[in-house]
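Chain residues, written in single-letter form:
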Amino acid sequence: MTDFTNKSVLVLGGSRGIGAAIVRRFAADGAKVTFTYSGSPEAAQLVAAETGSTAFLTDSADRDAVIARVRDSGPLDILVVNSGIAIFGDALEQDPDAVDRLFRINVQAPYHASVEAARQMPTGGRIIVIGSVNGDRMPLPGMASYALSKSALQGLARGLARDFGPRGITINVVQPGPIDTDANPEDGPMRDLMHSFMAIKRHGRPEEVAGMVAWLAGPEAGFVTGAMHTIDGAFGA
Ligand code: NDP
């Protein structure tokens, strides 16, 4: 546990899965947490009621809405950009509008949210973006747009670390491997194939990712920026 009392935290995409675990972790550690959701209002209200956090309907595919949500949050100590989607299937068959929506959610929202947060963020501020081990390694067909989007976050962190370092703000990417969520349930059909790539043959838990996020947001990580932090049971090793 890290003491985040009086810290203001915004989690983009906090209604389910890894994002909900991050909301729970910061709330349990004393932070004042707000989070966004899009398609899961009931789940969002449950997480908010459970944790004492506040949920806002904000579609991460809507650039101006994301910027407004960050701006209206006031000075944030910690921004976590978790919202992300994947689309699967033959690249030659995919709807280009669906691919572009993925890029808006997975790439454009992290960029614009990070820049907007830095305008008001105090010295010591932390930005953490949830990428994927697929930014490093893509062993399966049909997920090129997703892999591209997660690789792009590496350039985002490396570049913005240079811009934000002089302001005393760090930015890092957490790169999970398979994590047991609605998007990638451990009892799903891909389980054995994914575990075959791994040294620790199980899905990770959302709480394990939240623990890494909390460390990056805490006082011990002040010298850590522009870096990728993989938590994947050696999926990408
Ligand atoms: P889930 O699908 O279980 O949850 C996704 C979360 O993001 C939900 O809270 C969802 O909210 C929110 N979200 C999705 N689209 C939008 C949107 N347009 N606007 C606002 N919020 C949105 O996914 P995971 O928890 O598994 O994944 C979270 C992150 O971790 C993603 O970035 C994903 O790429 C990454 N990741 C996940 C891995 C895994 O194995 N699970 C592995 C590697 C990376 P709502 O339902 O309300 O729209």
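Residues numbered from 1 in each chain as written. Predicted model: local features only at pLDDT ≥ 70, side-chain atom pairs only at ≥ 80, totals over all residues. Heavy atoms only, no water.

Per an unreviewed UniProt entry, the protein goes by the name SDR family oxidoreductase and belongs to Massilia litorea.

With their axes 10 Å apart at the nearest point, helix H1 (residues 17-28) and helix H2 (residues 41-51) run at an angle of 15° to one another. By the angle class used here, H1 and H2 are roughly parallel. Our pair here, H1 against H2, has a crossing hand that is right-handed. Where H1 abuts H2, its residues Ala 20, Val 23, Arg 24 and Ala 27 lie against Val 47, Glu 50 and Thr 51. (Axes fitted to C-alpha atoms, helices over the stretch in contact; angles between N-to-C directions. Helix = DSSP H or I, 4+ residues; strand = E, 2+ residues; numbered from the N terminus. Parallel < 35°, antiparallel > 145°, perpendicular 65-115°, else oblique. Left-handed = near helix turned anticlockwise from the far one by under 90°. Contact = heavy atoms within 4.5 Å.)

Here we take up unusual backbone geometry. For Asn 6, which is not a glycine, the phi torsion comes out positive at approximately 70°. Position of Asn 6 among the secondary structure elements: in the segment before strand E1 (8-12). In this structure, Ala 234 takes a positive phi of about 70° despite not being glycine. By secondary structure assignment, the location of Ala 234 is in the segment after strand E7 (227-231).

Bringing the pattern of salt bridges into the picture now. Going through the model one piece at a time under the given rule, you end up with 10 salt bridges. Residue Arg 71 pairs with Asp 72 through a salt bridge whose shortest N-O separation is 3.5 Å. Through salt bridges with shared partners, a single network forms among Glu 186, Arg 191 and Asp 192. (Salt bridge = Lys/Arg side-chain N within 4 Å of Asp/Glu carboxyl O.)

Quick look at the site of the ligand now. Taken together, 33 residues lie around the ligand, and Gly 39, Ser 40, Asn 82, Tyr 146 and Thr 181 are the ones closest in. Take Ile 179: an N or O atom from its main chain is 2.8 Å from an oxygen atom of the ligand. A distance of 3.0 Å is found between an oxygen atom of the ligand and a side-chain nitrogen or oxygen belonging to Asn 184. For the ligand, whose unbound accessible area comes to 880 Å², protein coverage reaches 93%. At the level of elements, H1, helix H4 (96-120) and helix H5 (144-164) are the ones that each hand at least two residues to the shell around the ligand. The class makeup of the residues in the shell around the ligand is 11 nonpolar, 17 polar and five charged. (Near = heavy atom within 4 Å. Polar contact = N/O pair within 3.5 Å; in protein donor to acceptor, adjacent residues only side chain to side chain. Areas by Shrake-Rupley, 256 points an atom, 1.4 Å probe, with all protein chains shown as cover. Nonpolar A, V, L, I, M, F, W, Y, C, P; charged D, E, K, R; others polar.)

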